[in-house]
Amino acid sequence: MQNHKRPPASLLFIFGGSGDLNFRKLSPALYNLFIDNWMPEKFGIVGIGRTEFSDDQYRQRLLEGIEQFSRRKGKANGQWKDFSQHVSYLRMDAENESEYQKIAELVKAKEQEFGEHPNVIFYMAVAPQLVPDIAKKLGPLNICADTKCTRIVVEKPFGHDLKSAHELNKLLTGMFDEEQIYRIDHYLGKETVQNILAMRFANALFEPIWNRNYIDHVQITAAETVGAEGRGAYYEQSGALRDMVQNHILQLVCMMAMEAPVSFDANEIRNKKVDVLNAIRKITAEDAHAFAVRGQYDEGWMKGEKVPGYRAEKNVNPQSAIDTFAAVKFYIDNWRWQDVPFYVRTGKRLHEKTTIITVQFRPAPNYAFPPESAETWRPNRLVISIQPDMDIRLRFQAKRPGQFMTLNPVDMIFSYKDAYDGDEPEAYETLLLDVMEGNATLFMRSDQVEAAWKIIMPILEAWESRQPVDFPNYAPDSWGPEDAEALIARDGHNWITLPAPHQE
Ligand code: BG6
């Protein structure tokens, strides 16, 4: 990992150029990089799609996305005209091999215009099933043999299961060097997620107690209020465990549990993370019920609005057995974490949009205060809020002012909003800049992806072999099914959410 510098000349081809991901995330991110002076001096962005657009129509469409979804709203930033001159549209049928020559020609033309050979980046913002075919057709182009300058960016989901992920890795590594492949997990680009490394490894305070001797358990909640959001066709093939746990949440587990890296080199960080994945105890399909809970949302009310159940969403099977909620208890079998549970949960249509990580410390070993002071006594707790608020809070016991020795828990809070001025970059800004610079630290290596699939495969297999009998099993605006409460309550714990004022 290194500080960003302005990248060299780059040419980005976005497959799925007229699609949603580009509209909502990629184009707003690229425009913000431009405003902040991070785009290369010479660059081109080429959206690729089947839909008919002139360059101007295409730019207009992207501008609409930017106005709606950029962290900076609207044309107010005044640089759209300059930025949009770098954007063009290439209509092509990605299934037709002969059309790929158009790409090679465009690269040549840009080379002449720039007076140098740019980085050539192929971004796969397409449905996952299209990736292998596009990669197969791209691979033979001469530019792809340039292992230094040509890169391919692959969105999640990376494969549908261990077997397909392995096949996709084989296909991609047959055509590109591992260094050319950027497997995106956008959680890793989030500011607060990156800050976990800073907090753990740039301070002397936390690391000595960051282990089984002091930590009772760790929780990760990634809750969303949205439902299938018109993505029924995708979600029917996915479900919460594949969509969130296999990638984002396991990556958060890695950030929390990894050993200290000896450098911030991309492979060093990824080695330390893959060690965590390899140490996660394999749950067997027979035991899955004791470690994992699935749920699906029913129809009901969400903040005063009637919302349909998952099975009534567009492009969803009315008898669907897909999980819209998943909770899992993991153990990491190594010296640092043996017997410390990591509880994770994620779901759609839950009570709040919030991602938080909680580290629950063990109780103090001795307690000499008078019994009457003990009423509100609580063990220490560290809560890292990833979103929507970005803060870190450490709970400890303090004496209440007054003539009684009464203790109560208080929070020491570091809030990004209060500590720093200005907007934080969006995850996609950081990650796109990394790709242009050629820094793969925050991207998944092939072995990481496969190790993560190995962990969840037995749960998926158990769930697929046994149809859920109680679906739908949770109401919108709740915290998921009761079984998820039982999963953690069995160990004497409960799921932690932050008090309401924090969420407003
Ligand atoms: C995506 C999932 O990877 O992450 C979505 O496919 C989910 O289903 C999204 O909504 C959540 O991302 P964020 O950044 O809003 O937490």
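Use the structure listed above.
1. Notes on the pattern of salt bridges
Any two side chains of opposite charge can pair, given that their charged atoms come close.
Item 1. Counted under the stated rule, the structure contains 32 salt bridges.
Item 2. Across the pair Arg-50 and Asp-93 runs a salt bridge, and its minimum N-O distance is 3.3 Å. Taken together, the residues Arg-50 in the loop between strand 2 (43-49) and helix 2 (55-69) and Asp-93 in the loop between strand 3 (87-91) and helix 4 (101-114) connect sequence positions 43 residues apart.
Item 3. Asp-93 gets classed as partly exposed once you look at its relative accessible area, which sits at 24%.
Item 4. Across the salt bridge formed by Arg-50 and Glu-95, the nearest N and O atoms sit 3.1 Å from each other. Placement of the pair is Arg-50 in the loop between strand 2 and helix 2 and Glu-95 in the loop between strand 3 and helix 4, with a sequence separation of 45 residues.

2. Thoughts on the packing of aromatic side chains
Any two aromatic rings considered together are summarised by their centre-to-centre distance and by the angle between their planes.
Item 1. Under the definition given, this model contains 25 aromatic pairs.
Item 2. An aromatic cluster of three or more residues is present, and its members are Tyr-234, Tyr-235, Tyr-297, Tyr-310, Phe-325 and Tyr-474.
Item 3. The ring centre of Phe-471 lies 5.9 Å from the NZ or CZ of Arg-294, which sits over that ring.
Item 4. Against the face of Tyr-297 rests Arg-349, its NZ or CZ located 5.8 Å from the ring centre.

3. Details of a negative patch on the surface
Item 1. A grouping of Asp-470, Glu-482, Asp-483 and Glu-485 is seen on the molecular surface, where their side chains present a negatively charged patch.
Item 2. You can see Asp-483 is positioned in helix 15 (residues 482-489).

4. Quick notes on the sheet that holds strand 3
Item 1. Read from one edge of the open sheet, 6 strands run 3-2-1-4-5-6, paired in parallel fashion. In the strand order of this sheet, the two ends are held by strand 3 and strand 6 (181-183), each with one partner. Taking each pair of neighbouring strands and ignoring which way they run, the sheet shows an average axis angle of 20 degrees.
Item 2. Bridge count between strand 5 (residues 150-154) and strand 6: 3 bridges; the pairing is parallel. Residue pairing in the sheet places Ile-152 in a bridge with Ile-181 of strand 6.
Item 3. In the packing of helix 1 (residues 20-35) onto the sheet, the strands contacted are strand 1 (10-15), strand 2 and strand 4 (119-124), and the crossing angle to strand 1 comes to about 165 degrees.

5. Some words on the side chain of Arg-59
Item 1. For Arg-59, the position within the fold is in helix 2.
Item 2. Here Arg-59 falls in the buried class, since its relative accessible area comes to 14%.
Item 3. A distance of 3.1 Å separates polar atoms of two side chains, one belonging to Arg-59 and the other to Asp-56.
Item 4. Reaching out from Arg-59, the side chain makes a polar contact with the backbone oxygen of Ser-84 at a distance of 2.8 Å.
Item 5. Ignoring anything within four residues of it in the chain, the contact list for Arg-59 reads Trp-80, Ser-84, Gln-85 and Val-87.

6. A word on the sheet that holds strand 14 (residues 381-387)
Item 1. Taken together, the 8 strands give an open sheet; going across it, the order is 8-11-12-7-13-14-15-16, and neighbouring strands pair in mixed fashion. Two strands in the sheet have a free side with no partner beyond their single neighbour: strand 8 (292-295) and strand 16 (407-415). Across this sheet, the average inter-strand angle for adjacent strands is 15 degrees, counted without regard to direction.
Item 2. Two elements, strand 7 (residues 215-223) and strand 12 (residues 342-347), share 6 bridges in a ladder whose sense is parallel. Bridge assignment links Gln-219 to a residue of strand 12, and that residue is Tyr-343.
Item 3. Relative to strand 14, helix 7 (residues 191-201) is tilted by about 145 degrees, and along the sheet it contacts strand 13 (354-361), strand 14, strand 15 (391-399) and strand 16.
Item 4. Strands in contact with helix 14 (residues 446-465) are strand 8 and strand 11 (325-330); relative to strand 8, the strand with the most contacts, it is inclined by about 55 degrees.

7. Quick look at the site of the ligand
Item 1. Contacts to the ligand come from Lys-156, His-186, Tyr-187, Lys-190, Glu-224, Arg-231, Asp-243, Met-244, His-248, Lys-348, Lys-353 and Gln-387.
Item 2. Between the ligand and Arg-231, the relevant distance is 2.8 Å, taken from an oxygen atom to a side-chain nitrogen or oxygen of the residue.
Item 3. Coverage of the ligand by the protein amounts to 84% of the 400 Å² it exposes when considered alone.
Item 4. Per element, the largest residue contribution to the shell around the ligand is 3 residues, and it comes from helix 9 (residues 240-257).

8. Things to note about the packing of helix 9 against helix 10 (residues 266-279)
Item 1. The interhelical angle for the contact between helix 9 and helix 10, taken along N-to-C directions, is 110 degrees, at an axis separation of 9 Å. Looking at the two axes, helix 9 sits roughly perpendicular to helix 10. Side by side, helix 9 and helix 10 meet where Leu-250, Gln-251, Val-253, Cys-254, Met-255 and Ala-257 of the first sit next to Lys-273, Val-276 and Leu-277 of the second.
Item 2. Among the residues making up the contact of helix 9 with helix 10, the classes are represented as 7 nonpolar, 1 polar and 1 charged.

Analysis parameters
- Residues numbered from 1 in each chain as written.
- Predicted model: local features only at pLDDT ≥ 70, side-chain atom pairs only at ≥ 80, totals over all residues.
- Heavy atoms only, no water.
- Salt bridge = Lys/Arg side-chain N within 4 Å of Asp/Glu carboxyl O.
- Helix = DSSP H or I, 4+ residues; strand = E, 2+ residues; numbered from the N terminus.
- Buried < 20%, exposed > 50% of the residue type's maximum accessible area, 1.4 Å probe, protein only.
- Phe/Tyr/Trp six-rings, centres within 6.5 Å; stacked < 30°, edge-to-face > 60°.
- Lys NZ or Arg CZ within 6 Å of the ring centre and 35° of its normal.
- Patch = residues over 30% accessible without salt bridge, like charges linked within 9 Å, V, L, I, M, F, W, Y side chains within 5 Å.
- Areas by Shrake-Rupley, 256 points an atom, 1.4 Å probe, with all protein chains shown as cover.
- Lys, Arg positive; Asp, Glu negative; His and termini not counted.
- Charge placed at Lys NZ, Arg CZ, Asp CG, Glu CD.
- Pairing = 2+ DSSP bridges.
- Axes fitted to C-alpha atoms, helices over the stretch in contact; angles between N-to-C directions.
- Contact = heavy atoms within 4.5 Å.
- Polar contact = N/O pair within 3.5 Å; in protein donor to acceptor, adjacent residues only side chain to side chain.
- Near = heavy atom within 4 Å.
- Parallel < 35°, antiparallel > 145°, perpendicular 65-115°, else oblique.
- Nonpolar A, V, L, I, M, F, W, Y, C, P; charged D, E, K, R; others polar.

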